[in-house]
Structure formats: structure tokens, C-alpha cells
Amino acid sequence: MKFIKNNWIVFFLMLMCLIIFSCGEKKEGKVVVSESKFVIRQDSEKAYVIDAVGKVKNVGEVDVKNIVVTGNCRSCIEMIKPGYWFVSGTEKTPEQKDTISYLPVGAEETFSFKEVAFMYNMVSEKPESMPEQLEVVVESFDTADK
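What comes next is a walk through the structure. (Residues numbered from 1 in each chain as written. Predicted model: local features only at pLDDT ≥ 70, side-chain atom pairs only at ≥ 80, totals over all residues. Heavy atoms only, no water.)

## Thoughts on the state of the cysteines
The bond known as a disulfide is covalent and runs between the sulfur atoms of two cysteines. The condition is simple: Two cysteine sulfurs form what is called a disulfide whenever their separation falls within 2.5 Å. Exposed residues in this analysis have more than 50% of their type's maximum accessible area, buried residues have under 20%, and partly exposed residues fall in between, with area computed by a 1.4 Å probe over protein chains only.
Summed over the entire model, instances satisfying the criterion amount to 1 disulfide. A disulfide bridge connects C73 with C76, and the sulfur atoms are separated by 1.9 Å. Residues C73 and C76 are joined through a disulfide that is right-handed, its torsion about the S-S bond being 75 degrees. Across the pair, C76 and C73 agree in class, each one buried.

See the structure below:
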């Protein structure tokens, strides 16, 4: 009887240890945009696009992979109107995002993608200014398994 009682105590203690150690905080990944620059590029005689370049940095506690970086223009309209910056309301194309395959903790990596916003003019003059609310965002990433 004492043997069975000791087995239950050992089993209970092992179960408690398992519960306590499995409830520890999981380390999280965090990727931030550390630099970004937008550039106006002439796409055709009267069409212009905004492209983006910059850097992202892993400021989290674990390595990350498959980092998808893209851009948004919050002040752009969603219909084609000559002389105005616009965006398409559809899903981003591969040219409109960049994927970084792996980024260790503390590391920084460059990105570049095209077509954040578009403009068609009636004349072939470069737009005088960019839209006000341009941003680069980290759309998604996965934590790397070690």
C-alpha cells in the first residue's frame, strides 16, 4: 500500500512541475522598421509611382523568418483621377512587398519594393510632392524554431 501511495505522490509532483514549467513566458519576436525612404519614379510618359527602400530590425527575443514588408498610403484615394495619388483596392502584388527570409535577434536587413502609390498626369511633369500619409509596415513574420 505504501508503494502505491509513494507512486501517487511522485506522479502528482511530476505533474505539478510539468504544469509550472510549461506556463513560463514564451519569448516573442518583434520586427520594427528602422529606416524608410520613398522615391518617385516615372513609370511611363505621364505615369508616376512611389517606391520604398529602407531597413527592418529584429528587436525581439527570438530569431524570426519570412518577414513580409509592404507599404501603405493612407491619404491616397482609391480611384484613378489625373493629378492625384491613388492606390488600388486589391491585394498587394509581389512587386508591392518584400520578403526577408531570416533575421537573427538584433540584426538589421534592407528591403525594397515598388508601387506604394500611383499617379497619372495629363502632362508629363513630375509631381511636386508626395502624399502625406505614406508608411512602411511589417505585415507578418514567423518565429524561427531552434
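Having put the structure on the table, let's press on.
## A look at the nonpolar core
Worth spelling out the cut-off: Nonpolar core, defined: a set of buried Ala, Val, Leu, Ile, Met, Phe, Trp, Tyr and Cys residues in which side-chain atoms within 4.5 Å join the residues together. A helix here means a DSSP run of H or I that spans at least four residues, while a strand means a run of E at least two residues long, and both kinds are numbered starting from the N terminus.
I50, V69 and W85 are the most contacted members of the largest nonpolar core, which has 23 residues in total. Looking at this core, the elements that each hand over two or more residues are β1 (31-44), β2 (47-58), β3 (64-73), β4 (97-103), β5 (108-120) and β6 (134-143). For this core, the element with the most residues is β5, which contributes 5 residues.

## A closer look at the pattern of salt bridges
Heads up, the condition is: Whenever Lys or Arg places a side-chain nitrogen within 4 Å of a carboxyl oxygen from Asp or Glu, that contact is recorded as a salt bridge.
Tallying each qualifying case throughout the model produces 5 salt bridges. Across the salt bridge formed by E139 and K97, the nearest N and O atoms sit 3.9 Å from each other. Taken together, the positions of E139 in strand β6 and K97 in strand β4 put the pair 42 residues apart, joining distant regions of the chain. Residue E139 is classed as partly exposed on the basis of its relative accessible area, which comes to 43%. For K97, a relative accessible area of 25% corresponds to the partly exposed category. Connected through shared salt-bridge partners, R41, D43 and D51 make up one network.

## Some details on the packing of aromatic side chains
This is how the line gets drawn: Classification of ring pairs rests on two measures: the distance between centres of Phe, Tyr or Trp rings, Trp counted by its six-membered ring, which must be within 6.5 Å, and the angle between planes, read as stacked under 30 degrees, edge-to-face over 60 and tilted in between. Look at NZ for Lys and CZ for Arg. If either is within 6 Å of the ring centre and within 35 degrees of the ring normal, a charge sits over the ring.
In this structure the tally under the stated criterion is 3 aromatic pairs. By way of ring pairs, the aromatic residues F86, F118 and Y120 are connected into one cluster. Between K81 and the ring centre of Y84, over which it is positioned, the NZ or CZ distance is 4.7 Å.

## Here we look at the sheet that holds β5
The criterion, for reference: For two strands to be treated as a pair, DSSP must find at least two bridges joining them. Fitted lines through C-alpha atoms serve as axes, helices being fitted only where they are in contact, and the angles separating the N-to-C directions of these axes extend from 0 to 180 degrees.
Spatial ordering of the open sheet is given by β1-β2-β5, a layout of 3 strands whose pairing is antiparallel. Here the strands that pair on one side only, and so sit at the sheet edges, are β1 and β5. Shown here is a sheet whose adjacent strand axes are inclined to one another by a mean of 20 degrees, direction ignored. Pairing analysis gives 12 bridges linking β1 to β2, with the strands arranged antiparallel. Looking at β2, one finds that S36 is bridged to G54.

## Remarks on the side chain of N121
Where we set the bar: Any pair of nitrogen or oxygen atoms within 3.5 Å is treated as a polar contact; in protein, a donor-acceptor pairing is required on top of that, and neighbouring residues in sequence qualify only through side-chain atoms on both sides. Any two residues whose heavy atoms approach within 4.5 Å are treated as being in contact.
Its location among the elements puts N121 in the loop between β5 and β6. With a relative accessible area of 15%, N121 lands in the buried category. A distance of 2.8 Å separates the side chain of N121 from the backbone oxygen of E125, its partner in a polar contact. Discounting chain neighbours no more than four positions away, the residues touching N121 are K46, Y48, G83 and P127.

This is a description of form; function is not addressed.
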